[in-house]
Every structure is written in structure tokens, then in C-alpha cells.
Amino acid sequence: EPLLNAALLADPLLPLTNFGLAAISASRGDVIKAEAHYIEEIRVSPPSIPARRELVKLYASQQRYEDQLEQLSVLLKVQPNNAENLAAQAQALYNLKRYAEAVAPVNACMKLEPKNADCKMLQANVLKRTGKTREADAAYQEALKLKEAEKQAGTEKPRKGGKRAQ
């Protein structure tokens, strides 16, 4: 950390220096400082995709979904076919109870990664909330099969706490 701070003093426009300081701050649980460094990294080196991705995660953990969507809009302009960003956008819209708006990004995610179990589960939740119960049940069953296949292949992702809509 002292080296990164010294580098910033020598050259405030040095790329990835603020990103490194943000990562250090985040690892220490100082999300306020981490956010400030990510934002400064974006200002210094736009579009700074890595910093924006980390901000998306940070904002999601703080339930700051509007801020998350703001960063995702930039990311999706730069990388329109990124399944991770589309899933994050759909999840943020879902969390804001903007279910109809979540349909397009979750479907785009599934088109890009048809075997993505997390995206399929999110799709099931979105379908349920938009009144498409039969399609939601089918998507849920498919998500369970995909999860089982991931488990068997050893590629299962860590659980984030997502649950099926009731």
C-alpha cells in the first residue's frame, strides 16, 4: 500500500494504481475508501472495465442497485455481449422489483450461456414475478438440472444466496 500511494504521488494519472488501492481497501472491509479509489480509477482511466466490475459487486453487496445499474450501463455499452454483466443487470432490476425490465437482460444472458445455472434460476424467478408460472416452473426444473450437472463436473459456483421466488 505505501508503494501504491507513493506511485500516486509521483504520477496521479498512473493507471491501475487506484484500482490496487481499492482492492486493498476492500479486502480490509473499508468499502467507502474502496469505492472512492474505484471511482478515481474510472476518472483517470476510462472506461476502466475492471474498476467498474468491482464497483458493480460492491454496490450489489450494499444493495445500491441504482448505482449498480449506472455502472452496468457503461459496461454493457463497451461489452454488450457479456453474460456476467447481463445477469448482474437482470438481478439488479429484479431486486428493484422492475421485473418486466429484467426479462430482456436475463434472456440475453441465457442466449449467450444456455447452460448457466445461475442465470437460468434468475430467469425462473423473473418469469414467476411476471406471471408466467408454467414457464417459471420449467425454467426452475432446468436450473436444478444445470446445477446438478455443474456439481457433477466440479464447476459449481459458490452460492450467492439467490432463492427461488415464492
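Treat the numbers as computed from the prediction; the structure is a model and nothing was measured. (Residues numbered from 1 in each chain as written. Predicted model: local features only at pLDDT ≥ 70, side-chain atom pairs only at ≥ 80, totals over all residues. Heavy atoms only, no water.)

Asks: Residues and numbers for the state of the cysteines, please.
Replies: Per the stated rule, a full pass over the model turns up one disulfide. Here Cys109 engages in a disulfide with Cys119; their sulfurs sit 2.4 Å apart. Here the residue Cys109 occupies a position in helix α7 (residues 99–112), and Cys119 occupies one in helix α8 (residues 117–129), the gap between them amounting to ten residues. The class of Cys109 is buried, set by a relative accessible area of 0%. Residue classification places Cys119 among the buried residues on the basis of a relative accessible area of 2%. (Disulfide = S-S within 2.5 Å. Helix = DSSP H or I, 4+ residues; strand = E, 2+ residues; numbered from the N terminus. Buried < 20%, exposed > 50% of the residue type's maximum accessible area, 1.4 Å probe, protein only.)

Asks: Talk me through the packing of helix α4 (residues 49–61) against helix α5 (residues 65–78); I want residue IDs and the actual numbers.
Replies: When two helices pack together, their arrangement is given by the angle between their axes and by how far apart the axes lie. Contact geometry of α4 with α5 gives a least axis separation of 9 Å together with a crossing angle of 155°. Relative to α5, the element α4 is oriented roughly antiparallel. Handedness of the α4/α5 crossing: left-handed. Contact with α4, carried on its side by Ile49, Arg52, Arg53, Leu55, Val56, Tyr59 and Ala60, involves Tyr65, Asp67, Gln68, Gln71, Leu72, Val74, Leu75 and Val78 of α5 and no other residues of that element. (Axes fitted to C-alpha atoms, helices over the stretch in contact; angles between N-to-C directions. Parallel < 35°, antiparallel > 145°, perpendicular 65-115°, else oblique. Left-handed = near helix turned anticlockwise from the far one by under 90°. Contact = heavy atoms within 4.5 Å.)

Asks: Tell me about the pattern of salt bridges, and please be specific about residues and values.
Replies: Evaluated as defined, the whole model comprises eight salt bridges. Here Arg64 and Asp67 are joined by a salt bridge, their closest N and O atoms 2.9 Å apart. Overall, the relative accessible area of 27% leaves Asp67 in the partly exposed class. Arg98 serves as the salt-bridge partner of Glu101, at 2.9 Å between the closest nitrogen and oxygen. The network of salt bridges with common partners includes Glu35, Arg64 and Asp67. (Salt bridge = Lys/Arg side-chain N within 4 Å of Asp/Glu carboxyl O.)

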